[in-house]
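If you want the building blocks of each chain, they are given just below.
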Amino acid sequence: MIDRNFDGIAERFQKNIYGNAKGELRLALCWRELIDKLPLLSANQPMSVWDAGGGLGQMSVRMAELGHSVLLNDISSDMLELARHSISQAGLTSRVDISNTAIQAISSSPMYQHSFDLVLCHAVLEWVADPGDVIAALVRGMRPGAYLSLMFYNRNALILSNMAKGNLYKLRDRDFAGHPGGLTPPAPRQPQEVIELLQQAGLAVLAKRGIRLVYDLMPRAVRAERSIDDVQALEWQYGAEEPFWSLGRYVHLLCRLPQS
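Read on for a plain summary of the structure. Quick caveat: nothing in here was measured; it's all calculated off a predicted structure.

1. Description of the overall build of the protein
Phase 1: Across its full length, the protein holds 12 helices and 7 strands.
Phase 2: By the compact-globule yardstick of 18 Å for 260 residues, the protein fits well, its C-alpha radius of gyration being 18 Å.
Phase 3: If you line up the protein on its principal axes, its C-alpha atoms span 50 × 40 × 35 Å.
Phase 4: Counting the 260 residues in the protein, one finds 50% classified as buried.
Phase 5: Considering only contacts within the protein whose residues lie at least 6 apart along the sequence, 77% involve residues at least 24 apart.
Phase 6: Roughly 12400 Å² of accessible area belongs to the protein as shown, and the carbon and sulfur atoms make up 50% of that amount.
Phase 7: The centroid of the 26 positive side-chain charges in the protein is displaced by 4 Å from the centroid of its 27 negative side-chain charges.

Structure follows, in structure tokens:
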């Protein structure tokens, strides 16, 4: 496996992943978690933010709108071109730097080592060959006391989904990877394994939340009859509780690097 680059299918990615209720819920819940857990974001105190592997730049735009300075990087030039357009349309070009560079290369540059107050890395770990290498790179970019917002595609949720669908052979063979070239991630991550990698890198996990638990468990016909607002309220109600946080389609972990 190599780190996935979305050049050539960026517009398809934008439409299929974010042009529907699934993408809307994912963004809304993750953003609410950040605002809830990090009041500094809304405190009129500009922070230095790294949107690592940030693709289409939705989080970069939201951070810049709050007055923070943002570095957005991704290995896909096509994704960044779409992000550049959104950032320009929002009038935020002066607050967002864009780099068509890998995460590991960003934090290896002396310019960016220990530079950021907040690092965002959302829906990246499931597309890379070595999640530990990526986590180590993210930590290199963090100042002492900085925060990491990490969200990843959850292997537990795929197992639960396949149980409900009766996919016995997939369960027997533990075959949960998406098809090569498709938009289903090839390497869903097990939450406890990710937490262990974070702790090995010196990070403390402050909060855990499952993203898209309720919505993804509902049959499609039922989803069509439920309002997104009602579903989102239930997602928020249960998402941080045991054992539900570890069963969402995505898991969000908020971490902090010690001050010293």
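2. A few points about the environment of Ala136
Phase 1: Relative to the helices and strands, Ala136 is located in helix 6 (residues 131-140).
Phase 2: The sequence separation of Ala136 and Arg62 amounts to 74 residues, and the corresponding C-alpha distance is 26 Å.

3. A few points about the sheet that holds strand 3 (residues 96-99)
Phase 1: With mixed pairing, the 7 strands of this open sheet are ordered in space as 3-2-1-4-5-7-6. Each edge of the open sheet is held by one strand with a lone partner, namely strand 3 and strand 6 (204-211). Across this sheet, the average inter-strand angle for adjacent strands is 15°, counted without regard to direction.
Phase 2: Of the strand pairs in this sheet, strand 4 (residues 116-122) and strand 5 (residues 142-153) are connected by 6 bridges, and their pairing is parallel.

4. What about helix 4 (residues 77-89)?
Phase 1: Between the first and last C-alpha of helix 4 there are 18 Å, a value that for 13 residues agrees with the 18 Å anticipated at 1.5 Å per step.
Phase 2: For helix 4, the complete set of buried residues consists of Met79, Leu80, Leu82, Ala83 and Ile87. For helix 4, the arc enclosing every buried residue in end-on projection is 155°, short of the 170-degree limit, so these residues lie on one face. Along helix 4, exposed side chains directed more than 90 degrees from the buried face belong to His85 and Gln89.

5. Looking at the packing of aromatic side chains
Phase 1: Throughout the structure, instances matching the rule amount to 7 aromatic pairs.
Phase 2: Here Phe6 and Phe13 contribute two aromatic rings whose centre-to-centre distance is 4.7 Å and whose plane-to-plane angle is 55°, an arrangement assigned as tilted.
Phase 3: Take Phe6: its relative accessible area is 7%, and that puts it in the buried class.
Phase 4: A residue is classified by how much of its surface remains accessible, and Phe13, at 9% relative accessible area, is buried.
Phase 5: An angle of 20° between the planes, with centres 6.0 Å apart, marks the rings of Tyr112 and Phe116 as stacked.
Phase 6: When its relative accessible area of 4% is taken as the criterion, Phe116 is described as buried.
Phase 7: One aromatic cluster is present, formed by Phe6, Phe13, Tyr18 and Trp127 through successive ring pairs.

6. Some remarks on the environment of Ile17
Phase 1: Mapped onto the fold, Ile17 is located in helix 1 (residues 10-18).
Phase 2: With 167 residues separating them along the chain, Ile17 and Thr184 place their C-alpha atoms 9.8 Å apart.
Phase 3: Sequence-distant contacts of Ile17, defined by excluding residues within four places in its chain, comprise Gly23, Arg26 and Leu183.

About the cut-offs
Position labels on residues start from 1 in each chain and follow its written sequence. Whole-chain, interface and lining totals are the exception, using all residues; otherwise, since this is a predicted model, local features are given only for residues with pLDDT of at least 70 and side-chain atom pairs are given and counted only at 80 or more. Water and hydrogen atoms play no part in the side-chain values, which are based on all heavy atoms of the structure. Only DSSP runs of H or I covering at least 4 residues are called helices, and only runs of E covering at least 2 are called strands; the numbering of each starts at the N terminus. Only the C-alpha atoms count toward the radius of gyration. The rule for a globule is 2.2 Å times the residue count to the power 0.38. Here the term buried applies to any residue with accessible area under 20% of the maximum for its type, exposed to any over 50%, and partly exposed to those in between, with areas from a 1.4 Å probe on protein chains only. Note on definitions: a residue-residue contact is assigned when non-hydrogen atoms from the two residues lie within 4.5 Å. Shrake-Rupley sampling with a 1.4 Å probe provides the accessible areas, and residues are treated as covered by the protein chains on show and by no other component. Under this rule, positive means Lys or Arg and negative means Asp or Glu; His and the chain ends count for nothing. By convention, the charge on Lys lies at NZ, on Arg at CZ, on Asp at CG and on Glu at CD. Strands were regarded as paired on the criterion that DSSP finds at least two bridges between them. Helix axes are fitted only over the stretch in contact, all axes being lines through C-alpha atoms; the angle between N-to-C directions runs from 0 to 180 degrees. Helices are assigned an expected span. That span is 1.5 Å times one less than the residue count. As used here, the arc is the angular range of directions from the helix axis to the C-beta atoms. Whether two aromatic rings pair depends on their centres lying within 6.5 Å, for rings of Phe, Tyr and Trp, where Trp uses its six-membered ring; planes under 30 degrees apart make the pair stacked, over 60 edge-to-face, and the rest tilted.

None of this, on its own, says anything about what the molecule does.
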